[in-house]
Amino acid sequence: MALVQEIIRNKRDGNRLSRADFACLFGASAHDSWGPLASDAQLAAWAMAVYLNGLDRDETVGLTCALRDSGRVLDWRDLDRPIVDKHSTGGVGDTVSLILGPLVAACGGAVPMISGRGLGHTGGTLDKLGAIPGYVTTPDIARFQRVVREIGVAIVGQTAELAPADGRLYAVRDVTATVESIPLITASILSKKLAAGLDSLVMDVKVGSGAFMPTLEKSRELAANIVEVGRGAGLATTALLTDMNQPLAPCAGNAIEVRCAIDVLTCATNPQRLLDATFALAAEMLVSSALASTRDAALQDLHRALASGRAAECFAKMVAALGGPGDLVEHPDRHLPRAPCRRAVHAPSSGVVRAIDVRALGMAVVALGGGRRRAEDSIDPAVGLYAFAQLGATVKAGDAIARIDARDEAGAARAAEAVTKSYSIEEGVQEDGGSDRHGGLDERSVVIEKIG
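Predicted, not measured: the structure shown is a model, and the values here were computed from it.

Analysis parameters
- Residues numbered from 1 in each chain as written.
- Predicted model: local features only at pLDDT ≥ 70, side-chain atom pairs only at ≥ 80, totals over all residues.
- Heavy atoms only, no water.
- Helix = DSSP H or I, 4+ residues; strand = E, 2+ residues; numbered from the N terminus.
- Contact = heavy atoms within 4.5 Å.
- Areas by Shrake-Rupley, 256 points an atom, 1.4 Å probe, with all protein chains shown as cover.
- Lys, Arg positive; Asp, Glu negative; His and termini not counted.
- Charge placed at Lys NZ, Arg CZ, Asp CG, Glu CD.
- Core = buried A, V, L, I, M, F, W, Y, C linked by side-chain atoms within 4.5 Å.
- Buried < 20%, exposed > 50% of the residue type's maximum accessible area, 1.4 Å probe, protein only.
- Pairing = 2+ DSSP bridges.
- Axes fitted to C-alpha atoms, helices over the stretch in contact; angles between N-to-C directions.
- Phe/Tyr/Trp six-rings, centres within 6.5 Å; stacked < 30°, edge-to-face > 60°.
- pLDDT = per-residue confidence, 0-100.
- Salt bridge = Lys/Arg side-chain N within 4 Å of Asp/Glu carboxyl O.

**Re the overall build of the protein chain**
Looking only at helices and strands, one finds 17 helices and 13 strands in the protein chain. Each principal axis of the C-alpha distribution contributes one length, and for the protein chain these read about 70 × 45 × 45 Å. Partitioning the contacts of the protein chain with sequence separation of at least 6, the portion at a separation of at least 24 is 77%. Of the roughly 18,000 Å² that the protein chain leaves accessible, carbon and sulfur atoms contribute 49%. With 47 positive and 54 negative side-chain charges, the protein chain shows a separation of 2 Å between the mean positions of the two kinds.

See below:
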């Protein structure tokens, strides 16, 4: 077995690493114990070498499998449903998972969705579910598997038993300026999905001012890398690039987004962009898992599952099975908190909404208390933004371009200033087609392209 320092030296000098090298760095789950040989200092040096020199496809597969094998891999052989999931690179108003998971379950899929908390300006699915009183976001694996078997979907957080080496490596990357490495991002995402025992995975890679990756080219590179590495590790993987030049849902916040999801599932509202993204990703999941033969057939099944109430029923059962209130869908306002200070944000001038700084909107939610500046920060689930004016909308001076739920007037005033600055409103009428001011993308289209 190679010495850890020699593995670091090899990658520092631009050489390829073997699967044995990754096993040496990250250990394996022999006899339920995990024994990596590398110290945090050595992992930091290695991560920087990877950041600078990269990993090729086979190396990234090796790293992904080593991280997967550092803990348990879930076994679903007794389940007669295909095991399928979706993962998003994150954005603002990305409420998709709360709707998509129950929808796919209602169409016959099993969705063991392991989600994360908010990172930077992006909202985390786990934080949204944390706004539901009693909901256990990190159940033990036995309960997690039981809920998936009985209901078809469970949305939870990563436990220490699944890909523990990934958690350790991410903590090192977070403090060593190596988070943005595409091979390390790829291995981090896929190791957890492989540990969940999936048959197929659909990636949602965001593009635009609210995306994690800075450019369309980088988003495309990440999506292609995940598809190639996922397939190399034996997981059927496809990816959709989706637009994040404006919030996906008409709101951003934790309890606010849960309300939005319930309204969509019960057909009380139909926010078009959110539905377009959700149905596109869910249809890809049904086709990739052979639950539907074509995209059109998948879309028909999904629309029936939504209109019939089956998807809402799956959501309600999941919430109750994981400790939440049994009547959340019927009476969300009994259980979901709402901040007491509410105000509108008014357009400073008349014109057309030409661009939105979506990252700034996300950071406004964080500043209200709806996200974290530091890992140890607590979250106020009641605050957030909603009723956003969309790209291409014509507004008059004084019109509401967003609304705020804040804890106090001072917080609302700061949020109003941030929201106002995030909107670019120009005189003139909306032109046909897309706008170069937001990356050359047509604001009417949510799905940009499919990879894989």
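Structure shown, so let's carry the discussion forward.
**Some details on the nonpolar core**
Leu385, Ile404 and Tyr423 are the most contacted members of the largest nonpolar core, which totals 129 residues. Per element, the largest residue contribution to this core is 10 residues, and it comes from helix H12 (residues 272–288). Leave out the neighbours within four places in its chain, and tyrosine 423 touches Val353, Ala355, Ile356, Leu361, Phe388, Ala389 and Ile401. Formed by 23 residues, the second largest nonpolar core is a distinct cluster that contains Leu25, Phe26, Leu63 and Leu184.

**Brief notes about the side chain of threonine 60**
Mapping threonine 60 onto the fold places it in helix H4 (residues 57–68). Overall, the relative accessible area of 0% leaves threonine 60 in the buried class. Apart from residues lying up to four places away in sequence, threonine 60 is in contact with Leu55, Pro183, Thr186, Asn225 and Val229.

**Thoughts on unusual backbone geometry**
Residues apart from glycine generally show negative phi values, whereas peptide bonds are mostly found in trans. Of note, alanine 163 is a non-glycine position whose phi angle comes to about 45°, a positive value. Judged by relative accessible area, which is 0%, alanine 163 ranks as buried.

**Some remarks on the sheet that holds strand E11 (residues 400–406)**
One open sheet accounts for four strands, arranged E6-E9-E11-E7; its pairing is antiparallel. If you trace the sheet from one side to the other, it starts and ends with strand E6 (251–253) and strand E7 (341–346), each paired once. Direction aside, neighbouring strands of the sheet carry axes that sit 20° apart on average. Judged from the three bridges that link them, strand E9 (residues 384–386) and E11 form a sheet pairing that is antiparallel. Note on E11: the bridge partner recorded for leucine 385 is isoleucine 404. Across the sheet, helix H16 (residues 358–370) lies against E6, E9 and E11, angled at about 135° from E9, the strand it touches most. Running over the sheet, helix H17 (residues 409–422) touches E7, E9 and E11 and is turned about 25° from E7.

**Some remarks on the environment of arginine 9**
In this structure, arginine 9 sits in helix H1 (residues 4–12). Linking arginine 9 and alanine 160, residues 151 residues apart in sequence, is a C-alpha distance of 30 Å.

**Here's the deal with the packing of aromatic side chains**
Taken as a whole and assessed by the stated rule, the structure comprises two aromatic pairs. Relative to tryptophan 46, the ring of phenylalanine 22 has its centre 6.2 Å away and its plane inclined at 85°; by these criteria the two rings are edge-to-face. You can see phenylalanine 22 sitting in helix H2 (residues 19–26) and its partner tryptophan 46 sitting in helix H3 (residues 40–53), a full 24 residues away along the chain. Like phenylalanine 22, the residue tryptophan 46 is buried in the burial classification. With a centroid separation of 5.7 Å and 75° between ring planes, the pair formed by phenylalanine 26 and tryptophan 46 is classed as edge-to-face. Residue phenylalanine 26 is found in helix H2, and its partner tryptophan 46 is found in helix H3; the two are separated by 20 residues along the sequence. A residue is classified by how much of its surface remains accessible, and phenylalanine 26, at 1% relative accessible area, is buried.

**What about the confidence of the model for the protein chain?**
For the protein chain, mean pLDDT is 91; residues scoring 70 or higher make up 92% of the total. Scored below 50 in pLDDT, residues 29–35 shows 13 contacts in the model against residues more than four places distant or in partner chains.

**Notes on the pairing of strand E2 (residues 111–115)**
The side chains of a regular strand alternate between both faces of the sheet. Counting buried positions over the five residues of E2 gives five, a clear majority of the element. Taking every second residue as pointing to the same face, both faces of E2 are buried, with Val111, Met113 and Ser115 on one and Pro112 and Ile114 on the other. The sheet contact formed by E2 and strand E3 (residues 153–157) spans five bridges and is parallel. Bridge pairing in E3 places methionine 113 opposite isoleucine 155.

**Here's the deal with the sheet that holds strand E1 (residues 84–88)**
Spatial strand order, E1-E4-E5-E13: four strands in an open sheet with mixed pairing. Each having just a single partner strand, E1 and strand E13 (447–451) make up the two edges of the open sheet. Ignoring which end each strand starts from, the neighbouring axes of this sheet average 20° apart. Looking at chain direction, strand E5 (residues 236–243) and E13 are connected through four bridges and run antiparallel. Within E13, the position partnered with threonine 242 by the bridge is valine 447. H12 contacts E1, strand E4 (200–207), E5 and E13 of the sheet and is inclined by roughly 150° relative to E4.

**Some details on the pattern of salt bridges**
Inspection of the entire model under this criterion finds 26 salt bridges. Close ionic contact of aspartate 56 with arginine 16 constitutes a salt bridge, the shortest N to O distance being 2.6 Å. Of the two residues, aspartate 56 is situated in the loop between H3 and H4 and arginine 16 in the loop between H1 and H2; the sequence distance between them amounts to 40 residues. Notably, a salt bridge pairs glutamate 257 with lysine 128, separated by 3.1 Å at the nearest N-O pair. Of the two residues, glutamate 257 sits in helix H11 (residues 255–265) while lysine 128 sits in helix H6 (residues 125–129), which places them 129 residues apart along the sequence. Like lysine 128, glutamate 257 is buried. One salt-bridge network, held together by shared partners, links Asp94, Asp204 and Lys206.

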